[in-house]
Amino acid sequence: SLPVDAYTGAYANPAYGEAKISSSAGQLHLEWSSFRVNLEHYHYDTFLIPKGYVGGVVQFKLNAQGQAATLEALGQTFHRIPPGAAR
């Protein structure tokens, strides 16, 4: 439901660390620990992790302002780190 670049940024989980979402050529990329994968758009704010890696989905949840606020992947929720925030 958002332009691809609106999902990019860093998302954090207290137990699992930081996941980064970047984009190039209109496609999102997920980096989490040593895991790096291109995401395939599925529907609105939901993207697929290709089978052959671990399969599954990445779903972004929007806040009241319509901005990506959390990322849910592999059974974990990561909260967006505001740009410029201390890590």
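Residues numbered from 1 in each chain as written. Predicted model: local features only at pLDDT ≥ 70, side-chain atom pairs only at ≥ 80, totals over all residues. Heavy atoms only, no water.

Bringing the confidence of the model for the chain into the picture now. Looking at the chain as a whole, the pLDDT averages 92, with 93% of positions reaching at least 70. Within the chain, strand β1 (residues 9-13) carries the highest mean pLDDT (97), whereas strand β4 (residues 35-38) carries the lowest (91). (pLDDT = per-residue confidence, 0-100. Helix = DSSP H or I, 4+ residues; strand = E, 2+ residues; numbered from the N terminus.)

This brings us to the sheet that holds strand β7 (residues 57-62). What the nine strands build is an open sheet, ordered β4-β3-β2-β1-β9-β8-β7-β6-β5; its pairing is antiparallel. The open sheet is flanked by β4 and β5 (40-43), the only strands paired with a single partner. Here the average twist between neighbouring strands, direction ignored, is 25 degrees. Pairing between β7 and strand β8 (residues 68-73): five bridges, direction antiparallel. Within β8, the position partnered with Phe60 by the bridge is Leu71. (Pairing = 2+ DSSP bridges. Axes fitted to C-alpha atoms, helices over the stretch in contact; angles between N-to-C directions.)

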